[in-house]
Amino acid sequence: MKFNYFKTYVVLIMTLACLVSMQSCKPKTAQSAASGDASKSFVAPGKYDEFYNIVSGGFNGQVAVYGIPSGRLFRIIPVFSQSPESGYGFSEETKPMLNTSHGFVPWDDQHHIALSQTKGEHDGRWAFANGNNTPRIARIDLTTFRTSEILEIPNSAGNHASPFITENSEYVVAATRFSIPLDDQNGDVPINTYKQNFKGSISFISIDPASGEMNIAFQIRTPGVNFDLSRAGKGKSHGWFFFSCYNSEKANTLLEQNASAKDKDFVLAVNWKKAEEYVKAGKAKKQAVKYAHNVYNENTHTATSTIKTEIVILDPADCPDMMYMIPCPKSPHGTDVDPTGEYIVASGKLAASIPVFSFTKLQKAIADKAFDGEYDGITVIKYEAALHGEVVKPGLGPLHTEFDGKGNAYTSMFLSSEIVKWRLSDLQVLDRVPTYYAIGHLSVPGGPTAKPHGKYMIAYNKMTKDRYLPTGPELTQSAQLYDISGEKMKLILDFPTTGEPHYAEAIPAALIQSKQRKIYKIEENTHAYVSMGEGKAKVERNGNQVHVWMTAIRSHLTPDNIEGIKVGDEVYFHVTNLEQDWDVPHGFAIKGANNAEILIMPGETQSLKWVADRTGIFPFYCTDFCSALHQEMSGYLRVSPAGSNVALHFSTGTNKPAVTADTVKTSGGISKN
Ligand code: K7E
Ligand code: CUA
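Reading the values: rules and limits
- Residues numbered from 1 in each chain as written.
- Chains lettered and ligands numbered in written order.
- Predicted model: local features only at pLDDT ≥ 70, side-chain atom pairs only at ≥ 80, totals over all residues.
- Heavy atoms only, no water.
- 1 Å grid on protein atoms, 1.4 Å probe; cavity = no way out; pocket = protein on both sides within 12 Å on 5 of 7 lines; lining within 4 Å.
- Points joined across faces, edges and corners; volume = space filled by probe spheres on them.
- Helix = DSSP H or I, 4+ residues; strand = E, 2+ residues; numbered from the N terminus.
- Salt bridge = Lys/Arg side-chain N within 4 Å of Asp/Glu carboxyl O.
- Contact = heavy atoms within 4.5 Å.
- Polar contact = N/O pair within 3.5 Å; in protein donor to acceptor, adjacent residues only side chain to side chain.
- Buried < 20%, exposed > 50% of the residue type's maximum accessible area, 1.4 Å probe, protein only.
- Near = heavy atom within 4 Å.
- Nonpolar A, V, L, I, M, F, W, Y, C, P; charged D, E, K, R; others polar.
- Core = buried A, V, L, I, M, F, W, Y, C linked by side-chain atoms within 4.5 Å.
- Arc of directions from axis to C-beta.
- Phe/Tyr/Trp six-rings, centres within 6.5 Å; stacked < 30°, edge-to-face > 60°.
- Pairing = 2+ DSSP bridges.
- Axes fitted to C-alpha atoms, helices over the stretch in contact; angles between N-to-C directions.

## Observations regarding empty space enclosed by the protein
Next, step 1: Applying the stated criterion to the full structure yields 2 cavities of 30 Å³ or more.
Next, step 2: The computed volume of the largest cavity comes to approximately 120 Å³.
Next, step 3: Around the largest cavity sit 13 residues that line it, and Gln-117, Ile-165, Arg-231, Ala-232 and Pro-448 are the ones nearest its centre.
Next, step 4: Counting only elements with at least two residues in the lining of the largest cavity, the list comes to strand S6 (113-118), strand S10 (161-165) and strand S14 (226-232).

See below:
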């Protein structure tokens, strides 16, 4: 099929008009939006949802968990953010999770989710999530819905094409959005030396099959383009990865024009099995870099952060046949692989059509040497030689494509605010529905796997003007649920989301539900400051640091009277929750704390640092309504002047007479009921 330049031009003008106004074009059919069969999304009170929907939070740095089809919000998981609700990123134990080579970075921009797979299907073990801004990948454990690990990515800036996973969770990949001088080069160069000095990189991060732990197996150095998105091959294309890239112009200013100058950019096809061979053959060179690897240990209940200093990197010049560039109109965004692994759908967000590449044809093109020169030393495949065909006039601003496992694809159209359903075999458009408005990603449960559950589709929208009750200058983003079980897509539910949703995956509840961790066994708690029972509660001073070994059980804290703290002391409350029942967290908060509360799960120990800044009495209390006597679950801490001789003293349930330094050195009285 030939490119129609005139049509392209007309569509481009329309596209640019939308872009310039920074708005998507509202669908003309907006008025019909009120209809929809809401009963299909109804989950009766007391009944469970069919799917967990794990949704990126965009600029809030978190991940949210919803039920599908109800749209119920179950949990917000702090990942690249501090959470005043749980103490994540505030407690002494979890602060190391947010450590990077730049120090403590408590925010990121979270766009993509990848669920672990076995044989091309979801296995319900882990969710991976990217941080764009300070390049990182996190692993969330789906038995605890907590962040277990965060790995920083060196040689990267804007970790956008990430994380995308292979069909047996061999790797998650991370390709850089911004090319930059590599980390071991002198980066102090004029910005307009972009073409000489700026390089891209792709990281292949291995996943330990048992623990899930991530490790940068190798990187590939690439031309200085911008990588946008990616998908692993599967089935017949297992062993390959496909990355969309834009800014093949290598512009370093006014990208909205200068990175849109060329008619085509590329999809980079990487043969990662071949890359593995090159690494084994010793072709990868060591490079000195600096990146943090943070791991949370469920026995010590503590994260450790390790700064690593080396990776190995492949130079494509040393690795023939490892990767190829496929020309692709025009500033492609999503690149998605269908369930069979045969079709690679690249959505040129400024293009008039959607090119669909064929893996079989790509292999043939390579065998036949159907090449079209080189780009920065990388062989370019002839566009037509790899092309299965183009979806003609799909809509404006195609971004992302998901699949239903029945031979159909669903592409989100940002500018024309719609989803277009089309057939993979003959590329015919079958149906289109409006979204409200400006859809980014979309998700079919199991959509990126070899076996999608083609029943629902969820759209994630950037704008909701006129759609919900307004809330001042900032309006909510939203998700919309469509029934795709029939020929026509049907809107069945709208619900607001937290943060800005980008990608999301949905997974059958049955894969996760029964595996939930209910408690941490207290006998397995090896935290350095655990109190194994109330009798072990104590307070110790070490210079101006005071450590409080505290326990929490319905409905008291031990100790609950603490004296002998002095202005300037740093007090560490190490609170062990002695409960061994499901869903009985206790919280801990103290007046004047500069950080947050901590919320401690049964069997867990967490620590809050607090500095005594003035004399007085400081109440502390449990923040989680844990029993009828929750309001009684509290205590007092007395702060004396810096030079005071009030001795350190602690108790629960005993009202000893006032003590002085002469009578008590370090003592405690724990009442036994
Ligand atoms: Cu399209 Cu960052 Cu995946 Cu958002 S990206 S929409
Ligand atoms: Cu413990 Cu409220």
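## Topic: the pattern of salt bridges
Next, step 1: The tally for this structure, following the rule as stated, stands at 29 salt bridges.
Next, step 2: Here Lys-40 ties to Asp-483 by a salt bridge, and the two come within 2.8 Å at their closest N and O atoms. Here Lys-40, found in the loop between helix H1 (5-20) and strand S1 (51-56), pairs with Asp-483, found in strand S32 (residues 477-483); they are 443 residues apart in sequence, far enough to count as distant.
Next, step 3: The salt bridge involving Glu-579 is made with Arg-554; its shortest N-O contact spans 2.7 Å. Remark: Arg-554 occurs in the loop between strand S36 (545-553) and strand S37 (556-558) and Glu-579 occurs in the loop between strand S39 (570-577) and strand S40 (586-590); sequence separation between them is 25 residues.
Next, step 4: What you see here is one network of salt bridges that share partners, running through Arg-231, Asp-336 and Glu-402.

## Quick look at the environment of Lys-250
Next, step 1: Structurally, Lys-250 is set in the loop between strand S15 (240-246) and helix H3 (255-258).
Next, step 2: Considering only alpha carbons, one finds Lys-250 and Val-429, 179 residues apart in sequence, at a separation of 34 Å.
Next, step 3: Sequence-distant contacts of Lys-250, defined by excluding residues within four places in its chain, comprise Tyr-194, Lys-195, Gly-224, Tyr-375 and Asp-376.
Next, step 4: Among the polar contacts listed, one links the side chain of Lys-250 to the side chain of Asp-376, at a separation of 2.7 Å.

## Observations concerning the side chain of Glu-342
Next, step 1: Along the chain, Glu-342 turns up in the loop between strand S20 (332-337) and strand S21 (343-348).
Next, step 2: What makes Glu-342 buried here is its relative accessible area of 10%.
Next, step 3: One polar contact links Glu-342 to Lys-236, side chain to side chain, over a distance of 3.1 Å.
Next, step 4: One polar contact links Glu-342 to Thr-360, side chain to side chain, over a distance of 2.6 Å.
Next, step 5: If sequence neighbours within four positions are ignored, Glu-342 has contacts with Lys-236, Phe-357, Ser-358, Phe-359 and Thr-360.

## Regarding the site of ligand 1
Next, step 1: Near ligand 1 you find His-111, His-112, His-160, Leu-229, His-333, His-400, Gly-440, His-441, Lys-462 and His-502, and these make up its full shell.
Next, step 2: Grouping the amino acids of the shell around ligand 1 by side-chain chemistry returns 1 nonpolar, 8 polar and 1 charged.

## Some remarks on the environment of Ser-81
Next, step 1: Here Ser-81 is to be found in the loop between strand S3 (73-78) and strand S4 (99-100).
Next, step 2: Assessed through its relative accessible area of 5%, Ser-81 is described here as buried.
Next, step 3: It is 10.0 Å that separates the C-alpha atoms of Ser-81 and Val-63, two residues lying 18 residues apart in sequence.
Next, step 4: The contact partners of Ser-81, leaving out residues within four places of it in the chain, are Asn-60, Gly-61, Gln-62, Tyr-88, Leu-98 and Pro-106.
Next, step 5: Polar side-chain contacts of Ser-81 include one of 3.4 Å to the side chain of Gln-62.

## Re the nonpolar core
Next, step 1: Counting residues in hydrophobic clusters, the biggest one holds 31 residues, and the most contacted among them are Phe-204, Ile-220, Phe-227, Phe-241, Phe-243, Val-270 and Leu-314.
Next, step 2: By size, the runner-up hydrophobic cluster in this structure holds 27 residues, among which are Val-539, Leu-557, Ile-565 and Ile-600.

## Considerations on helix H5 (residues 359-367)
Next, step 1: Of all the residues in H5, the buried ones are Phe-359, Leu-362, Ala-365 and Ile-366. Angularly, the buried residues of H5 cover 115° about the axis, an arc narrow enough to put them on a single face. Turned more than 90 degrees from where H5 packs its buried face, Lys-364 and Ala-367 sit exposed.
Next, step 2: Trailing H5 by a residue or two, Lys-369 shows a phi angle of about 55°, which is positive.

## Here's the deal with the packing of aromatic side chains
Next, step 1: For the structure shown, the criterion picks out 24 aromatic pairs.
Next, step 2: Ring plane angle 25° and centroid distance 5.5 Å describe the contact between Phe-241 and Phe-243, whose orientation is recorded as stacked.
Next, step 3: Among the residues examined, Phe-243 registers a relative accessible area of 0% and is labelled buried.
Next, step 4: Aromatic side chains Phe-242 and Phe-359 sit 6.5 Å apart centroid to centroid with 85° between the ring planes, which places their arrangement in the edge-to-face category. Remark: Phe-359 occurs in helix H5 and Phe-242 occurs in strand S15; sequence separation between them is 117 residues.
Next, step 5: The exposure class of Phe-242 is buried, given its relative accessible area of 0%.

## As for unusual backbone geometry
Next, step 1: Each neighbour pair has its own omega, and for Arg-554 with Ser-555 the value is 0°, a cis peptide bond.
Next, step 2: Position of Ser-555 relative to the elements: it lies in the loop between S36 and S37.
Next, step 3: Of note, the bond from Thr-558 into Pro-559 is cis; its omega dihedral lies within 30 degrees of zero at -5°.
Next, step 4: The residue Pro-559 is located in the loop between S37 and strand S38 (561-566) in this model.

## What about the environment of Lys-273?
Next, step 1: With respect to the secondary-structure elements, Lys-273 resides in helix H4 (residues 272-280).
Next, step 2: Classification of Lys-273 as partly exposed rests on a relative accessible area of 37%.
Next, step 3: Contact partners of Lys-273, with chain neighbours within four places excluded, come to His-238 and Gly-239.

## Here we look at H4
Next, step 1: Residues of H4 that are buried include every one of Trp-272, Ala-275 and Tyr-278, and no others. What you see down the axis of H4 is that its buried residues fit within an arc of 105°, all on one side. In H4, the exposed positions that point more than 90 degrees away from the buried face belong to Glu-277 and Lys-280.
Next, step 2: Looking at the buried side of H4, the elements it contacts are strand S11 (171-175), strand S12 (200-207), strand S13 (214-222), S15, strand S16 (265-271) and strand S18 (302-314).
Next, step 3: The N-cap of H4, judged by a side-chain oxygen 3.3 Å from the amide nitrogen of Lys-273 a few residues on, is Asn-271.
Next, step 4: Among the residues trailing H4, Gly-282 stands out with phi positive, at a value near 85°.

## Let's talk about the sheet that holds strand S26 (residues 398-403)
Next, step 1: With antiparallel pairing, 4 strands are arranged side by side in an open sheet as S26-S27-S28-S29. Edge positions in the sheet fall to S26 and strand S29 (429-434), since each has one partner strand and no second. Averaged over all pairs of adjacent strands, the angle between their axes in this sheet comes to 20°, without regard to strand direction.
Next, step 2: Sheet topology places strand S28 (residues 418-423) next to S29; 5 bridges connect them, and they run antiparallel. Note on S29: the bridge partner recorded for Ile-419 is Val-433.

## As for the sheet that holds S20
Next, step 1: With antiparallel pairing, the 4 strands of this open sheet are ordered in space as S20-S21-S22-S25. Across the chains shown, the open sheet's two edge strands, defined by having one partner strand only, are S20 and strand S25 (387-392). Ignoring strand direction, the axes of neighbouring strands in this sheet form an average angle of 20°.
Next, step 2: Note that S20 and S21 share 4 bridges and pair antiparallel. Paired with Pro-332 across the strands is Gly-348, a residue of S21.
Next, step 3: Along the sheet, H5 makes contact with S21, strand S22 (353-358) and S25, crossing S22 at roughly 65°.

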